[in-house]
Amino acid sequence: MLFRKYILLVMVLVGANMFAQNKKDINTITKEEVLELSIEELANYDLEEVMQLMDIVGASTMEELYELLLNKAVTSASKSEENLFDSPLSTTVLSYEEILGSGATSIEEALRLVPGVIVREKTNGSYDVQIRGGQNMPMNNMLIYAENTTTLVMVDGRPAFNYGMGGILWESLPISLGELDRIEVVRGPSSALYGPNAVNGVINLISKRVTEDSPIVTANAQGGSLGTYIGDVNVKKRFNEKIGVGVSAYFEQRDRNTDEIYSLYSDEFISQEEYGIKNDMYKWSNDDASQLFEDPSRAKEKLGVNAYLDLLLSEDLSFNINAGYLDAMATTSTLGDNPTPYNVRDGYSHYATLNSNIYGFNFIGSLSKNTQDYCLGRTGWTQGFEIYNLSLDYLLDFDKLTIRPGISYQSVYQDDREHIEELGQGYFNERVNLTNYSVSARFDYTPTEKIRLVAALRGEKYSTPDKWAPSYQFIASYKVNDNNLLRAVYSRANQSTFMINAHSNYTWNREGLGSPEYVYFGGNDDPSLMTMDMIELGYRTRPSKKVLLDFELFYNKANNYSALMPDMMETHLSDTPADPTSYNPITTLSTSHRALDVNSKQYGLSFSADVVFSEKLIMKAHATYQQTSVDDFMDASRDDVAAYQASQYQGQMQNDVEQYVMYIMSGGAAGSPTPPQSTYSSDAQLDKSTYKNGVENEAVPSFWGSLALTYKPIKKLAITAQGYYYDQYNLYTQYDTSAKRLYLIGQVPKELAYPVSDAPEQKSNLEYTGNINSKFLLNAKVNYEVNKNLNVFVNGRNILNNETQEYAFMDTIGALYLAGVNIKF
């Protein structure tokens, strides 16, 4: 991979110096192309040219032109193109020009421009992204449950979702910023439109189409501090009205700001060599700790290529084919149960997607084949995937009523046998499968010009569990006038089962590493599905031609959160030796994935504003406030439950051992107690009367927001500054409820919390456990148009160098300084 990535970097840099950017020709630009311009693009034209653009679209004033450009088209909210102002859902559209102008270096960072989306950086270029929050459920568990598993990300209609562990592997998205046409974000449950896992919302990444006016070559490249180099080259050509082709390549490399690794058990950052020693001391795994990181200083690597083919055979017959390959790794938070919260994910994939319109029928079919190592250096964590998606819908138009019926099918296969030396080492040890198919219908009724009623219904038939699951969405909007829109939404969405939940079949052999000697991870073939219900009220207004404001008030309830929890603790004493002082019990902990009684409630408010002060100054701002509480909360971790189970028979076992010692020492004399039973077990669960209600889930800040200003003092110079702020938050994990935590606050002696003598001294607070302080980041980009062919820029992220953690247990994130070029030809 090293050779390939540097070859690609050379291609990017060479391309960046060969070609240049130009705006659309004022003499050939069409009305549709004018309406696709962003405000930032409009600023590239002089006053005389702007007047010509006004004539082309029929705008009589500059304000009318601004109004047209603020009302972008959006498709994700209803699967049909419509004006953003009229969208009945909480929807945001980011154009490529907005993203480019902001200086965002990745898709994840660009989402900081979207209301209701909280983005925090783990390591350089690796992020946690949440829509409205709701993460870390259930609390007091592994870090995997803090991952976002409730947002569906799509690339040109193809789900880009991790069905193995659940969630999004952001480093594995097979598209670069340079290929994007726009990002559309729909907030709130949307399974009725897009299927399972669109619980908190949908992020739709839409690539540029090949048109007659598409630049033949575009190139973007930037590099700077922390070993960060990012680039892409896109070559596209439309040969005639029917055929267009394109190919792209992209590359990303980033270093961490340290090469040390955080050790949970000793609460410190240490070198990889020290980590390997301490890993052995803490008796965590038989795997070689030195193999968990090929290079502890590397944060991220991506190398990918994509190809596009557009066929427009007639107005009623068109096909768009995308295919690509991606090789990616990232140092990020762990999906497992490691003595370090860091984890290296490494994988490669290839995919193909067909989007077609066949006489009114919209068909999407895709195939993705991936090999993913979820935890480098750990046996059994490498999986092979095959994902098949098919969907078909048709739009029926009856004047005031439109109906869009549809069907879809998805099948996911996962196999780990090629990546283990013998059966039993993998999580599944066979080829496993999850399948679902659905029927859906969307009804859109406009009885009057002001009233719009929408109902979306979907039934999902899963293979695991073997049952139907409904999702639905009911919307009412009232357009008071052309400048004011009220909307109300009630919707339900569900989360699918993941491979690890359904098919785990793994025994972790821990002999020689301490008790328990064996841990069994089991699946669940009849799980309850996590479900969310939401009520939302929205108000969108245009108080003046240059201002667009949007308000969202939301409330949701969710239940059936699934987690890996203990079923039974069992200890065998059958191998008790003749020497009664050295008996050697063997303990096995059996666990399985199951839904817990816990449920959550969330309410919040989001606000956004787009303001065009003049052709020289534009502002975009948003802010979100939310509160999440948890009922039926079990204030105990998986390990606490296991310890409770062991305690249920510990006294009896100890008594029996003492009686056995007496029996042996007496020589088995008549009248002596008989030897103890060979097996002790307990499946006891914590008493539900101890569960708590109204517990605040602080895993997501209660407040966050952004303010971005773009200023063009002269035609060729654009300066963009963005402030991003989030409030303090607290991520509770199983590491906070263990004996280690109790020791640190003086509740248990050191010897119960730490198996070695070098435990840290007691602390007066728990900052190490996941308390993250509030943070303000100031980002800025200065772009200069050298000529009509070339833009050069400097780009600073977190330029105030607020060098603190943004995510629990992860790296401190400081300033990143870059310089680069943007090109179109």
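Structural notes, computed from the coordinates. Given the structure is predicted, the values throughout are model-derived calculations rather than measurements.

## Some thoughts on the packing of aromatic side chains
Remark: the centre distance and the inter-plane angle together describe each pair of aromatic rings, the angle taken between the planes. Counted under the stated rule, the structure contains 20 aromatic pairs. An angle of 80 degrees between the planes, with centres 6.4 Å apart, marks the rings of Y374 and F385 as edge-to-face. Of the two residues, Y374 sits in the loop between strand 18 (361–373) and strand 19 (382–394) while F385 sits in strand 19, which places them eleven residues apart along the sequence. Per residue, the accessibility class of Y374 equals that of F385, and both read buried.

## Examining unusual backbone geometry
Outside of glycine, negative phi angles account for most residues, and trans bonds account for most peptide bonds. Residues M137 and P138 are joined by a peptide bond in cis, for which omega reads 0 degrees. Within the secondary structure, P138 is located in the loop between strand 5 (126–131) and strand 6 (151–155). Note the cis peptide between T464 and P465, where omega equals 0 degrees. Looking at the secondary structure, you find P465 in the loop between strand 23 (451–462) and strand 24 (468–481). In this model, N801 sits at a positive phi of 55 degrees, which is unusual for a non-glycine residue. With respect to the helices and strands, N801 occurs in the loop between strand 41 (790–797) and strand 42 (804–805). On the accessibility criterion, N801 (39% relative accessible area) is partly exposed.

## Details of the environment of S471
Along the chain, S471 falls in strand 24. When its relative accessible area of 3% is taken as the criterion, S471 is described as buried. When the C-alpha positions of S471 and L193 are compared, they lie 8.9 Å apart, and in sequence the two are 278 residues distant. Residues within four places of S471 in sequence aside, it is in contact with S191, A192, A456, L457, R458, R492, A493 and N494.

## Regarding a nonpolar patch on the surface
On the surface, a nonpolar cluster with roughly 1100 Å² of combined accessible area is contributed by I358, Y359, F361, L367, Y388, L390, L392, I407, Y409, Y437, V439 and W468. Contributions of two or more residues to the nonpolar patch are made by strand 18, strand 19, strand 21 (401–415) and strand 22 (431–445). Top element by residues in the nonpolar patch is strand 19. It accounts for three residues. Its place among the elements puts V439 in strand 22. According to the relative accessible area criterion, V439 is partly exposed, its value standing at 44%.

## Quick word on the sheet that holds strand 26 (residues 505–509)
Two orientations exist for strands paired in a sheet by backbone hydrogen bonds: parallel and antiparallel. A sheet is described by the order of its strands in space; here five strands give the open sequence 26-27-31-30-34, paired in mixed fashion. In this open sheet, the two edge strands, each paired with only one partner strand, are strand 26 and strand 34 (679–682). Each adjacent strand pair in this sheet contributes to an overall mean axis angle of 20 degrees, direction not counted. Bridge count for strand 30 (residues 562–572) against strand 34 is four bridges, and the pairing is antiparallel. Bridging from a neighbouring strand, E570 pairs with S681 of strand 34. Against the sheet, helix 11 (residues 638–665) makes contact with strand 30, strand 31 (586–595) and strand 34, and its axis sits at roughly 15 degrees relative to strand 30, the strand it touches most.

## Concerning the pairing of strand 6
In terms of burial, strand 6 is a largely internal element, five of the five residues being buried. Residues of strand 6 alternate between two faces, with T151, V153 and V155 on one and L152 and M154 on the opposite face, all of them buried. Pairing analysis gives five bridges linking strand 6 to strand 9 (residues 201–207), with the strands arranged parallel. Following the sheet pairing, V153 is matched in strand 9 by I203. Judged from the two bridges that link them, strand 6 and strand 7 (residues 158–159) form a sheet pairing that is antiparallel. Within strand 7, the position partnered with M154 by the bridge is P159. From the end of strand 6 to the start of strand 7, which pair antiparallel, there are two residues, and D156 there has a positive phi angle of about 50 degrees.

Criteria and cut-off values
- Residues numbered from 1 in each chain as written.
- Predicted model: local features only at pLDDT ≥ 70, side-chain atom pairs only at ≥ 80, totals over all residues.
- Heavy atoms only, no water.
- Phe/Tyr/Trp six-rings, centres within 6.5 Å; stacked < 30°, edge-to-face > 60°.
- Helix = DSSP H or I, 4+ residues; strand = E, 2+ residues; numbered from the N terminus.
- Buried < 20%, exposed > 50% of the residue type's maximum accessible area, 1.4 Å probe, protein only.
- Contact = heavy atoms within 4.5 Å.
- Patch = residues over 30% accessible without salt bridge, like charges linked within 9 Å, V, L, I, M, F, W, Y side chains within 5 Å.
- Areas by Shrake-Rupley, 256 points an atom, 1.4 Å probe, with all protein chains shown as cover.
- Salt bridge = Lys/Arg side-chain N within 4 Å of Asp/Glu carboxyl O.
- Pairing = 2+ DSSP bridges.
- Axes fitted to C-alpha atoms, helices over the stretch in contact; angles between N-to-C directions.

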